[in-house]
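Read off the chains here:
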2 protein chains.
Amino acid sequence: MPKGYNGKILRVDLTSGEIKVEEPSEVIYRTYMGGGGLASYYLLRELPPGIDPLGPENILIFASSVITGAPVSGMVRYTVAAKSPLTGGYGEAEAGGFFGPELKFAGFDAVIINGKAPKPSYLWIHGGEAEIRSAAEIWGLETGPAQEKIRQELGDARIRVAQAGPAGEKLVRFACVINELKHANGRTGMGAVMGSKNLRAIAARGKERLEFHDPEKMKELAKLQAELISQWGPNKVMRKLGTPNLVMALNTQGILPTRNFYTGVFAGAEKISGERMAETILKSEEGCYACGVRCKRAVEVSEGPYATSSEYGGPEYETLSSLGSLLCIDDLAAISKGNELCNRYGLDTISVGVAIGFAMECFEKGLFTKADTEGIEFRMGNAEAMVKGIEWIAKRKKGIGDLMAEGVKIAAARVGKGAEKYALHIKGQELPMHDPRGKTGQGLSFALSPTGADHIEAPHDTPFATAGAMLGRIAPLGLLEPVPTRDLGPQKVRNYVYLHFVWSLFNSLGICNFTAGPVWAFPINKWAELVGAVTGWDTSLWELLKVGERTVTMARVFNLREGFGRKDDTLPDRLFEPLEGGPLHGKGIDRKEFDDALTMYYEAMGWDSQEGIPTKGKLAELNLAWLDEMIKDKRRGK
Amino acid sequence: MPKGYNGKILRVDLTSGEIKVEEPSEVIYRTYMGGGGLASYYLLRELPPGIDPLGPENILIFASSVITGAPVSGMVRYTVAAKSPLTGGYGEAEAGGFFGPELKFAGFDAVIINGKAPKPSYLWIHGGEAEIRSAAEIWGLETGPAQEKIRQELGDARIRVAQAGPAGEKLVRFACVINELKHANGRTGMGAVMGSKNLRAIAARGKERLEFHDPEKMKELAKLQAELISQWGPNKVMRKLGTPNLVMALNTQGILPTRNFYTGVFAGAEKISGERMAETILKSEEGCYACGVRCKRAVEVSEGPYATSSEYGGPEYETLSSLGSLLCIDDLAAISKGNELCNRYGLDTISVGVAIGFAMECFEKGLFTKADTEGIEFRMGNAEAMVKGIEWIAKRKKGIGDLMAEGVKIAAARVGKGAEKYALHIKGQELPMHDPRGKTGQGLSFALSPTGADHIEAPHDTPFATAGAMLGRIAPLGLLEPVPTRDLGPQKVRNYVYLHFVWSLFNSLGICNFTAGPVWAFPINKWAELVGAVTGWDTSLWELLKVGERTVTMARVFNLREGFGRKDDTLPDRLFEPLEGGPLHGKGIDRKEFDDALTMYYEAMGWDSQEGIPTKGKLAELNLAWLDEMIKDKRRGK
């Protein structure tokens, strides 16, 4: 019976070269759904705690979901997961684009990779089969040439390539996975895990169409989604400006991260805004598989020191801020070039920006000198320094490059002398470009994301503050009343908890935030209909949100096994300090309020109040009783 | 805009005679929905702990729900709630029939009654108005004549009357509320609370039709439900035999409560079965407002000592067992007479049967003698004794009658000499006719129902053991795999928790178990559609089950305030002992397993592991932060 997914998972042991196909039961698929849910399931079952994330024992999982590839805008993302070399905890990153659907068309819902290849390799998946091939000729190449080489070698220009770039080969701890040169599984260093396994790329090509349980219903939902996207205000903005629309929106609110999060207003904001991009360097609006939102930007800078090729896409909001406002850089061409370099090398632009910001602040505070920086004034506002810094990181240039490539947590520890103050990270992962001082839910989100500071692993702040027309959109969750942006009381925690389930569900189903979130087009009450139309399951929002809750809890267990606890669920000191300037001048996050909110979150999750350890009963409720063995000693140890 | 409910709550102060109308916000209606949810909300807000349930300080609430009266089979029930004189904790009982819808047609969604009338009174509600009237002429009458008198006095034969009978006037602790002589808000002594307030009855008549948000959708759902009811096997059995079908079903499984729960097989089962009833004394199949199930039985015994009038309906399964097998009585006419008497006097048949069983066991063990029983051999199997016993209870006959009227908990304490062993109750409320030794989920249900042993306040066991076709019905809850009937591990707890939310939701929405349960016709994924069609709310199964969870938690807080805790969440010793005879001979409930399951339940609910006190964070998550003040001292006191 058509069910929209293959029911097959590819197992690859790179050490032995053995390839197998596994067919999990329907109950496993329905319980974990895909993406982060399915990946957590396998990681917890098969990965012992304490292993070296860059050793052959790590397990790397590429997972689409039961609905990835459904021809409805936004059902396109897939997950790469492993133990993170950046945080030492649960690692996971999602990407849009085309690779997730292609993997399914090629016959598999997920790929689970063990071991380490004896020499540089890539994996070629097509028609329900797979082959480990030599990457001797692509090792060391930038992503563009590498992709080209693979396509030539396999004789198919339509092959989709997900790859670690040279940065991944060099084990830069925040090396990412780059898909088709521009879609990134950006966070937690999954590219480094590929590099550590001598696995440069996965190439996939599928010619089979997925068969869905209820094709008529699928058409109806696809049509509805298309109509909603064309009419819904926020999605219209996304089409017009992409995520760069946020530059001006956040600057106006006083929370555009600027000068390493000292302030939230940037004098050069307009110069790096989505509006400016649209007027100047924007070459095309692009989109992901079957998606009508088309929020992706491809930019071209045709001349000058920062000439940029549109082949590598263009900077998202996060990058405009991390390589721009954060570093007080207002040169859109330089930022675009930085973005291109990150995509060429396979680097996470968020971590890159924060690492450079850290180094700049160290330089300004006298911890680094020109002797460390090839004579460059490595200061805020210096675009050339930023571009150089990216090269240094990618190549692990001895000294400052190699240092930044470790991520700011390790770097700060090595530098010492109080450098921790300039290292903006949580659990070792660098902060995304959102300032919790103007939206406190984002603070919970950063502190509680299992991957460290992350704006995709836990909810964006936007829906917390919903009001008016927007509020009705989250009403099916039972969230009926607006909560002030800077509130950190019970109502904020309540909203946060439910939306955390939503975001987690999205990462398990591969749903894009920009198409179906509480803010975006596809309404909450259509999610279960869609999953049902694809799979034939008589599912519900209850069952789906419990998948979200289950996945949050699995990631928590993963991290507890690795020694994480309450001490790690916090924010960098800087965010407790007051903002300088702008409409929120003087506002920080209140430590007591934050701590109380954290406790309430633990309790709301059925975790213990002190360390956030899931109780045995809560595990039972979530059909996770099998995890109890892994953490019961932690509980006794209290 | 049409919304299916009035938005009006009637406030009656019997002491002062003041009558007011209150209009709660839509958020209050949507958060608490009605029935047990709305009643808990008002009780917790307005009733201080520690008051005498039979004093004027108690608050008595009659609450329909936002969907009560929707013309779809089964959406008909309403709740009577107050602090229970039987348990000293949360008191609540639902009834079907016609009164709930009538109350809404008369202009009010609920009635909140404070104080005590200076003299016998009844309340007359019609056309959005209300009047306190003298009950001087009906005080002391049996329910039939009382109803007749009220109808005559008000000049309308179609008035619906909910009343305490003479037993309520006498403050029998398990006196119930009787609607139209045969539908009972049976448990927790709500009739006694009416009696204590000098409120004999509420008469309602409404001529307005409710207007629904989406009448077309309502028609579609009503049609669907009618079709399902006519086709679905379990509902066909209900139509044919009513709840009495359970006599043979449970006897075959070896769990028909017999001889005060010593055994689960009854030699006389066939004689008191639904099948035998259908062949002999059944006069008509009856139903509730707009319901196509028609599971109610009216019986007639035309001659002999147990001549019975069909005006008072007929015994349900619970009554066939509580006045039959439990007491080793196999005389269907005697049981029918006993049922009629209970309805005439306003007595809960379950508590009556267990109270008589207690007295019979005391007699057999020599704790009572013929001197206590007017010379009657008050032994198991004596039908005459049972019928006499009912009279004695209703009239609080000095000695044994007055004693039984206190409920078995108080009675056993008074008798002493080990009589507690014969008193089958939890939290002071007598056990319903289900034996947890053959279906352990029912044990959790009895122990964890906030009202004490109750088979409607927490889930029936049936869905725990679902398999095959039935299992698919609870799949939208994420419950995908069968759990053995006698299991008490994590899977059983998981199923129990979700189904507890379902049962609680039913008691807040006024949905009948026999039309929309996980077992019965109306599918889980239609519940939110129905609530939406009635009210216009874009709701979901998530939001609805959270209403269920919220209500369970409110009731927990209510009981904690009154001093209840883990010690009260248990079963009578007899259920831990092995069953005698039948297919489950030798099987008891394992105390350790039970205790572990209890702990898991507390934890799954976000309550503390020891005493089951909801955490501050869990209260926040459920939008119940306002309750934290009430229990935080209990938490500190640990």
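Thresholds, definitions, all that
- Residues numbered from 1 in each chain as written.
- Chains lettered and ligands numbered in written order.
- Predicted model: local features only at pLDDT ≥ 70, side-chain atom pairs only at ≥ 80, totals over all residues.
- Heavy atoms only, no water.
- Pairing = 2+ DSSP bridges.
- Helix = DSSP H or I, 4+ residues; strand = E, 2+ residues; numbered from the N terminus.
- Axes fitted to C-alpha atoms, helices over the stretch in contact; angles between N-to-C directions.
- Contact = heavy atoms within 4.5 Å.
- Buried area = accessible area lost by both parts, 1.4 Å probe.
- Salt bridge = Lys/Arg side-chain N within 4 Å of Asp/Glu carboxyl O.
- Polar contact = N/O pair within 3.5 Å; in protein donor to acceptor, adjacent residues only side chain to side chain.
- Nonpolar A, V, L, I, M, F, W, Y, C, P; charged D, E, K, R; others polar.
- Core = buried A, V, L, I, M, F, W, Y, C linked by side-chain atoms within 4.5 Å.
- Buried < 20%, exposed > 50% of the residue type's maximum accessible area, 1.4 Å probe, protein only.
- Parallel < 35°, antiparallel > 145°, perpendicular 65-115°, else oblique.
- Left-handed = near helix turned anticlockwise from the far one by under 90°.
- Least-squares fit on C-alpha atoms with pLDDT ≥ 70 in both.
- pLDDT = per-residue confidence, 0-100.
- Disulfide = S-S within 2.5 Å.
- Domains from an automatic or database assignment.
- Phe/Tyr/Trp six-rings, centres within 6.5 Å; stacked < 30°, edge-to-face > 60°.
- Lys NZ or Arg CZ within 6 Å of the ring centre and 35° of its normal.

Turning our attention to the sheet that holds strand 1 (residues 9-13) of chain A. Residue and element names in this part refer to chain A. Taken together, 6 strands build an open sheet; the order of strands is 2-1-6-3-4-5 and the sheet is mixed. Either end of the sheet is taken by a strand with one partner, and the two such strands are strand 2 (18-22) and strand 5 (90-95). Taken pair by pair, the neighbouring strands of this sheet meet at an average axis angle of 15 degrees, ignoring direction. As judged from the 5 bridges shared by strand 1 and strand 6 (residues 110-114), these two strands associate in the parallel manner. If you follow Ile9 over to strand 6, its bridge partner there is Ala110.

Let's shift gears to the interface of chain B and chain A. Listed as interface residues are 38 residues of chain B and, on the opposing side, 38 residues of chain A. In total, chain B and chain A occlude about 3400 Å² of area from one another, counting both sides; carbon and sulfur atoms represent 60% of this. Seen at the junction of chain B and chain A, the total is 0 salt bridges. Remark: the boundary between chain B and chain A carries 20 residue pairs in polar contact (both at pLDDT 80 or more). Elements that contribute at least two residues to the side of chain B that touches chain A include exactly helix 1 (26-32), helix 19 (490-509), helix 22 (541-561), helix 24 (591-604) and helix 25 (616-621) of chain B. Here the residues of the side of chain B that touches chain A sort into 17 nonpolar, 10 polar and 11 charged.

Residues A:Leu347, A:Leu477, B:Leu347 and B:Leu477 are the most contacted members of the largest nonpolar core, which totals 360 residues. If we skip the residues at most four places from it in the chain, B:Leu347 touches B:Ala167, B:Val172, B:Phe174, B:Ala175, B:Cys176, B:Cys342, B:Val352, B:Ile390, B:Ile393 and B:Ala394.

Residue and element names in this part refer to chain A. Here helix 13 (residues 349-364) crosses helix 14 (residues 383-394) at 110 degrees, and the two axes come no closer than 10 Å. The orientation of helix 13 relative to helix 14 falls into the category roughly perpendicular. Where helix 13 crosses over helix 14, the handedness of that crossing is right-handed. Where helix 13 abuts helix 14, its residues Val352, Ala355, Ile356 and Met360 lie against Ala385, Met386, Gly389, Ile390 and Ile393.

Residues and elements named next belong to chain A. For Ser322, the location among the structural elements is in helix 11 (residues 317-322). From its side chain, Ser322 meets the backbone oxygen of Thr349 in a polar contact 3.0 Å long. Those residues in contact with Ser322 that sit more than four places away from it in its chain are Leu327, Thr349, Ile350, Gly353 and Met433.

The pairing of strands in a sheet comes from backbone hydrogen bonds and takes either a parallel or an antiparallel form. All names here are of chain B. Ordered in space as 2-1-6-3-4-5, the 6 strands form an open sheet in which the pairing is mixed. Strand pairing shows two members of the sheet lacking a second neighbour, strand 2 (18-22) and strand 5 (90-95), which therefore form its edges. Taking the axes of each pair of neighbouring strands and ignoring which way they run, one obtains an average angle of 15 degrees across the sheet. Note: strand 3 (residues 60-63) against strand 6 (residues 110-114), 4 bridges, orientation antiparallel. Residue Ala63 lies in a different strand from strand 6, and its bridge partner there is Ala110.

For the rest of this paragraph, the subject is the pattern of salt bridges. Where side chains of opposite charge bring their charged atoms close, a pairing between them can arise. Scanning the model with the defined rule gives 102 salt bridges over all chains in all. Notably, a salt bridge pairs B:Lys526 with B:Glu529, separated by 3.3 Å at the nearest N-O pair. Residue classification places B:Lys526 among the partly exposed positions, given a relative accessible area of 22%. The partly exposed category is assigned to B:Glu529, whose relative accessible area is 27%. A single network of salt bridges, built from pairs that share partners, joins A:Glu102, A:Asp156, A:Arg160, A:Glu180 and A:Arg205.

Bringing the pairing of strand 9 (residues 160-164) of chain A into the picture now. Residue and element names in this part refer to chain A. Buried residues dominate strand 9, accounting for 4 of its 5 residues. As paired elements, strand 9 and strand 12 (residues 199-205) share 4 bridges and run antiparallel to each other. Across the sheet, the residue bridging to Ala162 is Ile202, located in strand 12. Summarising the sheet, strand 9 and strand 10 (residues 177-179) pair through 3 bridges and their orientation is antiparallel.

Rotating chain B by 180 degrees about the axis while translating it 0.0 Å along that axis superimposes it on chain A, leaving an RMSD of 0.0 Å. Here the transformation between the copies is reduced to the relation of a two-fold axis. The share of interface residues of chain B whose copies in chain A are also at the interface is 100%, consistent with both copies meeting through the same surface.

Turning our attention to the environment of B:Pro101. Residue and element names in this part refer to chain B. Summarising the element assignment, Pro101 is placed in helix 3 (residues 99-105). A relative accessible area of 0% means that Pro101 is categorised as buried. Residues Pro101 and Ser351 lie 250 residues apart in sequence; the distance between their C-alpha atoms is 27 Å. Non-local contacts of Pro101, meaning those with residues more than four positions away in its chain, are made with Thr68, Gly69, Val76 and Tyr289.

Per-residue confidence for chain A averages 96 on the pLDDT scale, and 98% of its residues sit at or above 70. ipTM for the predicted complex: 0.97, alongside a pTM of 0.97.

Moving on to the side chain of A:His425. Residues and elements named next belong to chain A. One can find His425 in strand 15 (residues 425-426). Looking at His425, its side chain comes within polar contact range of the main-chain nitrogen of Gly428, at 2.9 Å. The contact partners of His425, leaving out residues within four places of it in the chain, are Val408, Lys409, Glu430, Leu431 and Pro572.

Residue and element names in this part refer to chain B. All chains considered together, the criterion is met by 0 disulfides over all chains. There is no disulfide at Cys176, and the cysteine sulfur nearest it, in Cys342, is 7.8 Å away. Cys512 supplies the cysteine sulfur nearest to Cys295, a cysteine that is in no disulfide, at a spacing of 6.0 Å. Taking relative accessible area as the criterion, Cys295 reaches 11% and is therefore assigned buried.

Looking now at the domain arrangement of chain A. All names here are of chain A. Looking at the assigned domains, one finds that chain A contains domain 1 (9-205), domain 2 (241-430) and domain 3 (440-635). Domain 2 puts 26 residues into the contact, and the matching count from domain 3 is 25 residues. Carbon and sulfur atoms supply 61% of the area buried between domain 2 and domain 3, which totals about 1900 Å² over both sides. Broken down residue by residue, the surface that domain 2 buries against domain 3 is led by Tyr262, Ile426 and Lys427, which jointly contribute 37%. Connecting domain 2 to domain 3 are 3 salt bridges. Arg574 is the salt-bridge partner of Glu361, the closest N and O atoms lying 2.9 Å from each other. Breaking the side of domain 2 that touches domain 3 down by element, the ones donating at least two residues are helix 9 (246-253), helix 13, strand 15 and strand 16 (429-430). Of the residues assigned to the side of domain 2 that touches domain 3, the class counts are 11 nonpolar, 9 polar and 6 charged.

Our focus in this paragraph is the packing of aromatic side chains. With the rule as written, the count across this model stands at 42 aromatic pairs over all chains. Measuring from ring centre to ring centre gives 5.1 Å for A:Tyr78 and A:Phe99, while their planes differ by 45 degrees; the resulting arrangement is tilted. Of this pair, A:Tyr78 sits in strand 4 (residues 78-83) while A:Phe99 sits in helix 3 (residues 99-105), placing them 21 residues apart in sequence. Here A:Tyr78 and A:Phe99 have matching classes, each one buried. An aromatic cluster of three or more residues is present, and its members are A:Tyr498, A:Phe501, A:Trp542, B:Tyr498, B:Phe501 and B:Trp542. Its end group placed over the ring of A:Trp392, A:Lys397 keeps NZ or CZ at 5.7 Å from the ring centre. The ring of A:Tyr262 has A:Arg574 lying over it, and the distance from NZ or CZ to the ring centre is 3.8 Å.

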